[in-house]
Amino acid sequence: MSGRTHARACPERTCVGCRERAAKGELLRTVLIEGACVPDPRGTLPGRGASVHPTLVCLDQAVRRRAFPRAFKSPGPLDTAELRRYVEQAEEHRHDRQATP
């Protein structure tokens with residue numbers, strides 16, 4: 001036996017909000033498009049990406065810490081309105097699923 005396992009390694013990313021490492025699938029990839037942070041849930045949009053937990057807590061921390069401009073190497077504040085709407089809808093959907101038996 002070579003000692004190798006057949007389980008594939010799960011890629012990890014760091015949340016720009018809480019700075020915790022998590023599996024890539026647990027985080028929401030965001031990209032910068034014309035000065036706005038845009039959600040990229042499928043991970044197919046071109047360009048540099050920044051990962052954040054899809055929760056308002058992590059999103060607020062990232063905005064407060066100015067993590068998005070730093071991650072995208074972009075000067076000044078960025079528009080996060082579209083990203084916030086996406087995360088709010090995701091949290092609402094998550095709460096609806098948990099409430100339904």
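The structure contained in this document is the topic of the report that follows. Everything numeric in this text was worked out from a predicted model, so none of it was measured. (Residues numbered from 1 in each chain as written. Predicted model: local features only at pLDDT ≥ 70, side-chain atom pairs only at ≥ 80, totals over all residues. Heavy atoms only, no water.)

As for the pattern of salt bridges
For the structure shown, the criterion picks out three salt bridges. For arginine 29, the salt bridge goes to aspartate 40, with nearest N and O atoms at 2.4 Å. Remark: aspartate 40 occurs in the loop between strand S4 (36-39) and strand S5 (49-52) and arginine 29 occurs in strand S3 (residues 28-33); sequence separation between them is eleven residues. Note on aspartate 40: relative accessible area 3%, which makes it buried. For aspartate 60, the salt bridge is made with arginine 84, and the minimal N-O distance between the two is 2.3 Å. One end of the pair, aspartate 60, is in helix H1 (residues 56-64); the other, arginine 84, is in helix H3 (residues 81-99), and 24 residues separate them in sequence. Note on aspartate 60: relative accessible area 29%, which makes it partly exposed. (Salt bridge = Lys/Arg side-chain N within 4 Å of Asp/Glu carboxyl O. Helix = DSSP H or I, 4+ residues; strand = E, 2+ residues; numbered from the N terminus. Buried < 20%, exposed > 50% of the residue type's maximum accessible area, 1.4 Å probe, protein only.)

Here's the deal with unusual backbone geometry
Residues other than glycine seldom take positive phi values, yet glutamate 34 does so here, at roughly 50°. For glutamate 34, the location among the structural elements is in the loop between S3 and S4.

Brief notes about the sheet that holds S4
Ordered by their spatial adjacency, three strands build an open sheet running S4-S3-S5, and the pairing between neighbours is antiparallel. Edge positions in the open sheet fall to S4 and S5, since each of these has one partner strand only. This sheet shows a mean twist of 40° between the axes of neighbouring strands, independent of strand direction. Sheet analysis places S3 next to S4, joined by four bridges and oriented antiparallel. When the bridges of S4 are listed, valine 31 appears paired with valine 38. (Pairing = 2+ DSSP bridges. Axes fitted to C-alpha atoms, helices over the stretch in contact; angles between N-to-C directions.)

Describing the packing of H1 against H3
Contact geometry for H1 and H3: axes closest at 10 Å, N-to-C directions at 160°. The orientation of H1 relative to H3 falls into the category roughly antiparallel. On the side of H1, the interface is formed by Leu56, Leu59 and Asp60, while H3 contributes Leu83, Arg84, Val87, Glu88 and Glu91. Classifying every residue of the contact of H1 with H3 by side-chain character gives four nonpolar, no polar and four charged. (Parallel < 35°, antiparallel > 145°, perpendicular 65-115°, else oblique. Contact = heavy atoms within 4.5 Å. Nonpolar A, V, L, I, M, F, W, Y, C, P; charged D, E, K, R; others polar.)

Overview of the environment of histidine 93
Mapped onto the secondary structure, histidine 93 falls in helix H3. Given the relative accessible area of 49%, histidine 93 is considered partly exposed. Taking C-alpha positions, histidine 93 is 25 Å from arginine 64, a pair spaced 29 residues apart along the chain.

Details of the nonpolar core
Val16, Cys37, Val52, Phe68, Phe72 and Leu83 are the most contacted members of the largest nonpolar core, which has 17 residues in total. Every element with two or more residues in this core is listed here: S5, H1, helix H2 (67-72) and H3. Beyond its immediate stretch of four places on either side in the chain, phenylalanine 72 contacts Thr30, Val31, Leu32, Cys37, Arg48, Gly49, Ala50 and Leu78. (Core = buried A, V, L, I, M, F, W, Y, C linked by side-chain atoms within 4.5 Å.)

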